[in-house]
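Reading the structure
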Amino acid sequence: MVWGLVRGWANVDPAATADWLFKSGLGMSGEYETVVKAMARRGGHEELDAWFEKVNAAGSPAKDLQGFAQTITQTRLAYEPEKAASWVELYLEEPWLKDGDIVEMTAATLSNRDPESAMDWAARLGHENASAVAMANWCQRDIQAAQAWFADNPDSPGYAPAAHMMINYLQRRDPAAAKSWAESLGNEQVRAQILQRFQTNH
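Residues numbered from 1 in each chain as written. Predicted model: local features only at pLDDT ≥ 70, side-chain atom pairs only at ≥ 80, totals over all residues. Heavy atoms only, no water.

**Comments concerning the overall build of the chain**
- Scanning the chain from terminus to terminus reveals 13 helices and 0 strands.
- Across the chain, helices and strands are ordered from the amino to the carboxyl terminus as α-α-α-α-α-α-α-α-α-α-α-α-α.
- Considered along the principal axes of its C-alpha atoms, the chain spans approximately 60 × 30 × 30 Å.
- Here the chain holds 202 residues, and the buried ones make up 44% of them. (Helix = DSSP H or I, 4+ residues; strand = E, 2+ residues; numbered from the N terminus. Buried < 20%, exposed > 50% of the residue type's maximum accessible area, 1.4 Å probe, protein only.)

Okay, here's the thing in structure tokens:
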């Protein structure tokens, strides 16, 4: 019933529909998507961005801001992943973003297209989970290229979470090879941390 109401109203006035969702607390993924698509059809991404900036600054409910932001990010990732990543960066300090998985979702999508750029993005943000997610995707796609990244980036802010993700991936397949790889790590602190895990497990 709510979704049907939102669908019809959003086609006439998506901003008013969103205001009602903010006040009622009845918004869910389907309602967020309906409003976002209607707003984009009417005014494009520029109007959508301006609207979201306004409602975020107004202190709208975190649940709904997160829901709308997730929908906006997903929509952009499908067509313009780099722009989606830049948009996400605008809201990094917002509590509703930190509590959700929007950054991780963005890192995963970027990694599917360009793993090295995804690692650079996650490292620039200083977001450990994003680095781990990007590396996890890279391991599944091209393990040799993923391993080679560590040799060239020993000082990257994303090195530690990526290394822990890599070792988890390798241990499930070949524990001996995992330990050998850990011993080759160029970052001494991370190497010591990971090798300590082997000592603890044996």
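On we go.
**What to know about the nonpolar core**
- In this structure, Trp51, Phe52, Phe68, Met135, Phe150 and Met166 are the most contacted members of the largest nonpolar core, which totals 60 residues.
- Residue contributions to this core peak at 9 residues, all from helix H3 (residues 29–57).
- If sequence neighbours within four positions are ignored, tryptophan 51 has contacts with Ala15, Ala18, Phe22, Met39 and Phe68. (Core = buried A, V, L, I, M, F, W, Y, C linked by side-chain atoms within 4.5 Å. Contact = heavy atoms within 4.5 Å.)

**Overview of the packing of helix H7 (residues 102–113) against helix H9 (residues 128–141)**
- Orientation of H7 relative to H9, taken along the N-to-C sense of each, is 30°, at an axis distance of 8 Å. One way to sum up the angle between H7 and H9 is to call them roughly parallel. In this structure, H7 crosses over H9, and the sense of that crossing is right-handed. For the pair H7 and H9, contact is made by Val103, Glu104, Ala107, Ala108, Ser111 and Asn112 and by Asn129, Ala130, Val133, Ala134, Asn137, Trp138 and Arg141, respectively. (Axes fitted to C-alpha atoms, helices over the stretch in contact; angles between N-to-C directions. Parallel < 35°, antiparallel > 145°, perpendicular 65-115°, else oblique. Left-handed = near helix turned anticlockwise from the far one by under 90°.)

**Quick word on helix H12 (residues 175–183)**
- The set of residues buried in H12 consists of Ala178, Trp181 and Ala182. Viewed end-on, H12 has its buried residues packed into an arc of 100°, placing them on one side of the element. (Arc of directions from axis to C-beta.)

**Focus: a nonpolar patch on the surface**
- Side chains of Leu5, Trp9 and Val12 sit close together on the surface and give an oily, nonpolar patch of about 280 Å² of accessible area.
- Relative to the elements of secondary structure, valine 12 occurs in helix H1 (residues 2–12). (Patch = residues over 30% accessible without salt bridge, like charges linked within 9 Å, V, L, I, M, F, W, Y side chains within 5 Å. Areas by Shrake-Rupley, 256 points an atom, 1.4 Å probe, with all protein chains shown as cover. Salt bridge = Lys/Arg side-chain N within 4 Å of Asp/Glu carboxyl O.)

**Let's talk about the pattern of salt bridges**
- Overall, the coordinates contain 7 salt bridges when judged by the stated rule.
- Of the charged contacts, one joins lysine 63 and aspartate 64 as a salt bridge, the two residues approaching to 3.2 Å between their closest N and O atoms.
- Residue class for lysine 63 comes out partly exposed when judged on its relative accessible area of 45%.
- When the shortest N-O distance is used, the salt bridge between glutamate 82 and arginine 113 registers 3.9 Å. Of the two residues, glutamate 82 sits in helix H5 (residues 81–89) while arginine 113 sits in helix H7, which places them 31 residues apart along the sequence.
- According to the relative accessible area criterion, glutamate 82 is partly exposed, its value standing at 48%.
- Overall, arginine 113 belongs to the exposed group, its relative accessible area being 54%.

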